[in-house]
Amino acid sequence: MNGDAAEKIIEIVGLTRRFGAKRALRDVSLTVPRGSVFGLVGPNGSGKTTLIKHVLGLLRAQTGSVRVFGRDPVRDPAGVLVRVGCLTEENDLPGWMRVDELIRYMRAFYPAWSDAYAEELRQAFALDPAAKVRTLSKGQRARAGLLVALAYRPDLLVLDEPSSGLDPLVRRDILAAIIRTITEDGRTVLFSSHLLEEVERVADHVAMIHQGRIVFDAPLDEIRATHRRLTLQFAEARPRPPELAGALAWEGAGREWTAVCAGQSGGLRAAAEAVGGRIVEEQDLRLDEIFLARAGAVPVASTKE
Amino acid sequence: MRSPVLALAWQVWRPYRRGLAVCAAVWLVLAALGLFMPRGAWAPAAPEGNLIIPAAIVVSALFAAAFILMLFAFSAVPIDAQLDAGDTGFPTRMFTLPVSTAVLTAVPMVQGAAVAALGWVAWAGAVLRPVGMDVDLMWPAVLTAALVAWLQALVWWPFPLRFLRVIVVAPVLAVIAMAPAFALALGAPSVAVTAGLAALLPAAYGVALVGVARARRGDAPTWTWPSWLASALAWRPSTRRAPFASPLQAQTWFEWRMRGLSFPVTVGLVAVVWLLIALTGVGEQVIGIVAAGGDAAGVSAAVAAMTAPGVLLVQFLGIVLFLAGVVGADLGGVRLVDQKPSGGTFGCHPFLALRPLTDGELILAKLRMAVRSTLTGWSIVLIVVFLALGPTGKWRELAGMPLLQTHSALEVCAGLSAGLAGLVFLTWLLLVGNLWLGMTGRRWLVRAFGAFAFGVCMALVLLAHWLSPHPETVAALMAALPYVAVVAVLLKLLLAAWLARILLRRGLIGPRALGISAAAWGVVVAGVVALGGQLAPVGGPSLWRLVLGAALVLPLNRFAAAPLALEWNRHR
Amino acid sequence: MHIHLSPNDGVPIYLQIVQQVKYLVASGRLTPNDELPPIRALAERLLVNPNTVGRAYRELEAAGVVVTRRGGGTHVSDAASPLARGERLDVLTKRIDALLAESRQMNFSIDEVLDLIRRRDRAMGSRPGKE
């Protein structure tokens, strides 16, 4: 990682978004540094797609600001989008276009388009140039979308749940595209996904959104280091789990209670002892376990404010 | 909801309850007005000739009827179903409901036919009859019901080829719509006509039942090109074609493929029909009958001035312009890049929104596409006119027009070319004039604007009727008109300046492009004024009246508003 | 060099890479001075973030299992590098503790355990280097 201040590719400050009475995003602030693979996770309806639409300029910031490459994507869509490659969940390519027409159309917009690379991708993805997009299977359509998003080597690759509903072969292609992007200097990836083991593999920064708020936003190593599963054993059986600062989710019964906790190891140990429990087991957590604990832990606040 | 029939009926009615409520409200208002007016207050002042008010009410009734027709014909069909697709228009998600196909088809059809028939009865009974128009209640009601039923049946039938449905629907509906008029003119009793139309209803149900059953079984055949034909129209890889020189060219190509052919194809279809009418002389016979019958004095005068082929020609050109206006209503669409809209939203499709183009460039691409579309359409028109007038020698009759005798051949040629250029330009204006509306991407705005436009037309018609027996008021208004026009032009220019300021401030358009556009508008106004001055007969409107007129009529703010509308839509 | 990652068992990916490389070296499938694939290539092959691979390589280097040469390339180090011996002893002690805890719980005597260890060593084949 760069030692000196990495350039902020995406900078979101204080973003709020309402749809009617519903608040989709509440005071969200996020920074995506150059060269990182930034994973955005969150339950359905938490605001991930809304956030990504703000980054792409499809939505206007109601409060706060969004800057991509230092520019406002709403004010300057041409200048921003020419450096961004995008693959969304719906991936609506016009069905009537043939693959070769699609390539010919898209390459006119991006000066950095590389014909050789596009052809290499097309052959790797086995896309028939004469086939119309609407005759392609879902996976092939995703590959076509990936092709036109990668062929000009964008500085920022934005993927909104790219793997949803796709078979493992296509998912592997998408992951490979992310890795290949990141191995070339200076390029950044922002992607949102439900497949947390994929996020865990490729992301180095992860942010979780829940009900429009950022729950955590940190390098993946830090997240894994600060979340642990502790099993506490008590002297006598307890009907309810004790109050433990930093505990997100409890389960268990009687004398042994297991909690997913957030916090530094030493502090957790002290807190556990303070409530009279003995730590018998301590485990690392996977990202999806952290996610479940976090998503379940936040109380369901009223969305109408 | 205890029975499946009720549940189905509720499902069909529910998405359109607001539209139906609006229609019912309009009907109530007009009925109430009719009640409170003394009987015959709106009756025509003169026995024949002044048909404006009843015509206005008939128009509004037709408007409402058309709306209901559209509602219920598509009631069991998503409102975005494309007529030009081959597969069934029946919502396939309803196929898995545990009801028999007979019930599934019957419920929407009965609802549609019933609403159409009741709609007519309500209009005729409560609005038209009190005004003094003695219209039949029975056969038009059954006619509208039959039209709705047949439209539903044809929309639901799965056609093997893509555009086959469009080709079948138009003639069938046209025949059904015109048959009663012919029958009545030929003297059939209205009871017989009603009975005949009523027989169409079960026929429609039968067709619909077979169609929906086939679609439900998945039995619908699809025809494809035979392989020899497919390879003859061989695909040439696009990559061997020259790459686009600029993003603007690529986007123009895209718009052309999406919407460019709608105007030429529509014109072409109408042109073929017109050509048949002109070549077989049917049109002239009809004109002759109408002129001889002493109906609306205008026709015989027109024939005298322009000769029968001339009247036909003018009608055709008028239809072309009308079609341009109709097609232009959707030209600004940024909603669809394909048959299906994206996620059901009405706004800008993400594929278009994510192009690295400014809003101005997106609009420019549409304008360029409209130019190509106009030229293609007019080439078809010119070919058809040539075919109609040339080989048959009708052009000689046309050349005998009294108007042409007073000018030299050169003047005639110049006038014709100028006229043609003007018509082509007018077509282009009609195609692109309402871009801004489609680009706002707000469904409520589009509908509100449609209702507003309709209301303005109605108000003008009412005003005209109210004024016609008072010539002195008319004269006073005409004298005041120039001053009103000056104020209007000033307002228009002020609005244009304000819009320009907003455009510049938001960076949607560069100052140079803005200057060029403003200059272009000025040049066009000057050109129209010069042309008008040349073509107008002596003693016509003075120069500055021409200027005012041109400045008012030529759209300026609609163009200026287009980038703003698109920006409003693209970034929500 | 074959590395198999299993994302589900809670062990961080870099640690899995470290452990597997260590296993490969231990079992002789990677001999001293064999070259490890470059970070980017391995990342693309395993579909993981290059930083993760980089971290694994750094850990391996800190543990003395691999050596980064000037001019690029990461190579398996000589087994008898004295710098890392203490570190290696630590790792081994931890594994032995775990093994002993389990064997006690399963009621195996220490002689049975040692016997088993010798049998497995024979089955694994000859050891690289001395001892």
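Here the residue numbers are simple positions, counted from 1 along each chain's written sequence. Here every chain gets a letter starting at A, and every ligand a number starting at 1, in the order they are written. Given that this is a predicted model, residues contribute local features only at a pLDDT of at least 70 and side-chain atom pairs are listed and counted only at 80 or more, while totals for whole chains, interfaces and linings are drawn from all residues. Hydrogens and water are ignored here; the side-chain numbers use all heavy atoms of the structure.

K.L.:
I tried to follow the overall build of chain B on my own but got confused; where do I start?
P.N.:
Under the DSSP-based scheme used, a helix requires at least four consecutive residues in state H or I and a strand at least two consecutive residues in state E, with every element numbered from the N terminus. Within chain B, the secondary structure is distributed over 23 helices and 0 strands. Note on exposure labels: buried denotes an accessible area under 20% of the residue type's maximum, exposed denotes more than 50%, and partly exposed covers the range between, all computed with a 1.4 Å probe on protein chains only. For chain B, the residues scored as buried account for 39% of the 572 residues in total. Contacts are assigned to residue pairs with any non-hydrogen atoms lying within 4.5 Å of each other. Put simply, of all contacts in chain B between residues at least 6 apart along the chain, 82% involve residues at least 24 apart. Note that accessible areas follow from Shrake-Rupley with a 1.4 Å probe, and for residues the cover is restricted to the protein chains shown. Of the roughly 30300 Å² of accessible surface on chain B, a fraction of 75% belongs to carbon and sulfur atoms.

K.L.:
Could you clarify how one ought to interpret the domain arrangement of chain C in this entry?
P.N.:
Residues and elements named next belong to chain C. What the domain assignment reports for chain C is domain 1 (13-76) and domain 2 (85-124). Summed over both partners, the accessible area (1.4 Å probe) lost when two parts come together is defined as the buried area. Both faces combined, the contact of domain 1 with domain 2 buries some 320 Å², and carbon together with sulfur accounts for 58% of it. A side-chain nitrogen of Lys or Arg and a carboxyl oxygen of Asp or Glu constitute a salt bridge if their distance falls within 4 Å. The interface formed by domain 1 and domain 2 holds 0 salt bridges in total. As used in this structure description, the phrase polar contact means that two N or O atoms lie within 3.5 Å; if the pair is within protein, one of them must be able to donate a hydrogen and the other to accept it, and residues adjacent in sequence are counted only when both atoms belong to side chains. Scanning the region where domain 1 abuts domain 2 turns up 0 residue pairs in polar contact (both at pLDDT 80 or more). Any residue that is not Ala, Val, Leu, Ile, Met, Phe, Trp, Tyr, Cys, Pro, Asp, Glu, Lys or Arg is counted as polar, Gly included; the first ten are nonpolar and the last four charged. Tallied by class, residues from the side of domain 1 that touches domain 2 come to 2 nonpolar, 1 polar and 1 charged. Boundaries of every domain are those given by an automatic assignment or by a domain database.

K.L.:
Would you mind showing me how to read the interface of chain A and chain C here?
P.N.:
Where interface size is given, it is often the accessible area lost as the parts come together that is meant. If you look at the interface, chain A gives 20 residues, while chain C gives 18 residues. Surface buried jointly by chain A and chain C totals about 1500 Å² across both partners, of which 53% is contributed by carbon and sulfur atoms. Summed over the shared surface of chain A and chain C, the number is 1 salt bridge. In this structure, the salt-bridge partner of Asp221(A) is Arg55(C), at a minimum N-O distance of 3.3 Å. Taken together, chain A and chain C are joined by 8 residue pairs in polar contact (both at pLDDT 80 or more). Counting residues per element, the ones that place at least two in the side of chain A that touches chain C are helix H6 (168-183), helix H7 (196-202) and helix H8 (220-226) of chain A. At 7 residues, H6(A) tops the list of elements feeding residues into the side of chain A that touches chain C. Grouping the constituent residues of the side of chain A that touches chain C by class yields 8 nonpolar, 1 polar and 11 charged.

K.L.:
It is not clear to me how the environment of Ala142(A) should be interpreted in this structure. Could you clarify?
P.N.:
All names here are of chain A. Note that Ala142 resides in helix H5 (residues 138-150). The buried category is assigned to Ala142, whose relative accessible area is 8%. Remark: the alpha-carbon pair of Ala142 and Asp284, spanning 142 residues in sequence, is separated by 35 Å.

K.L.:
Would you mind going over the packing of aromatic side chains with me for this structure?
P.N.:
Where two aromatic rings form a pair, the distance of their centres and the angle of their planes describe that pair. Ring pairs shown here join Phe, Tyr and Trp side chains whose ring centres sit within 6.5 Å, with only the six-membered ring taken for Trp; geometry is labelled stacked below 30 degrees between planes, edge-to-face above 60, and tilted in between. What the rule picks out here adds up to 15 aromatic pairs over all chains. Plain terms: the ring middles of Trp96(A) and Trp253(B) are 6.0 Å apart, the flat faces sit at 50 degrees to each other, and that makes the pair tilted. A residue pair is termed interchain when its members come from two chains, as with Trp96(A) in the loop between strand E5 (84-87) and helix H3 (99-107) and Trp253(B) in helix H9 (residues 247-260). Measuring from centroid to centroid gives 6.2 Å for Trp113(A) and Tyr152(A), while their planes differ by 20 degrees, and the two rings are stacked.

K.L.:
Is there a simple way to explain the packing of helix H2 (residues 39-46) of chain C against helix H3 (residues 50-62) of chain C in this structure?
P.N.:
All names here are of chain C. All axes here are fitted lines through C-alpha atoms, helices being fitted over the stretch that makes contact, and every angle between N-to-C directions spans 0 to 180 degrees. At a minimum axis distance of 8 Å, the contact between H2 and H3 shows a crossing angle of 120 degrees. Here H3 runs oblique to H2, going by the angle between their axes. With respect to the hand of their crossing, H2 and H3 are arranged in right-handed fashion. Packed against H2, whose contacting residues are Ile39, Leu42 and Ala43, the element H3 presents Pro50, Val53, Gly54 and Tyr57 at the interface. When the residues that make up the contact of H2 with H3 are grouped by side-chain class, the tally is 6 nonpolar, 1 polar and no charged. In what follows, roughly perpendicular refers to angles from 65 to 115 degrees, roughly parallel to angles under 35, roughly antiparallel to angles over 145, and oblique to any angle outside these ranges. The handedness criterion is simple: a crossing whose near helix is rotated anticlockwise from the far helix by less than a right angle is left-handed, and one whose near helix is rotated clockwise is right-handed.

K.L.:
Whenever I open this one, the interface of chain A and chain B confuses me. Can you help?
P.N.:
With 33 residues of chain A in contact, the opposing surface of chain B contributes 36 residues. Summed over both sides, the interface of chain A with chain B buries roughly 3300 Å², with 60% coming from carbon and sulfur. When the area that chain A buries against chain B is broken down by residue, the three leading residues are Trp96(A), Arg104(A) and Tyr105(A), summing to 24%. Measuring nitrogen to oxygen at the nearest pair gives 3.6 Å for the salt bridge that ties Glu567(B) to Arg60(A). The tally of links between chain A and chain B comes to 11 residue pairs in polar contact (both at pLDDT 80 or more). Elements supplying a minimum of two residues to the side of chain A that touches chain B: helix H2 (77-81) and H3 of chain A. With 7 residues, H3(A) is the largest single contributor of residues to the side of chain A that touches chain B. Here the residues of the side of chain A that touches chain B sort into 22 nonpolar, 2 polar and 9 charged.

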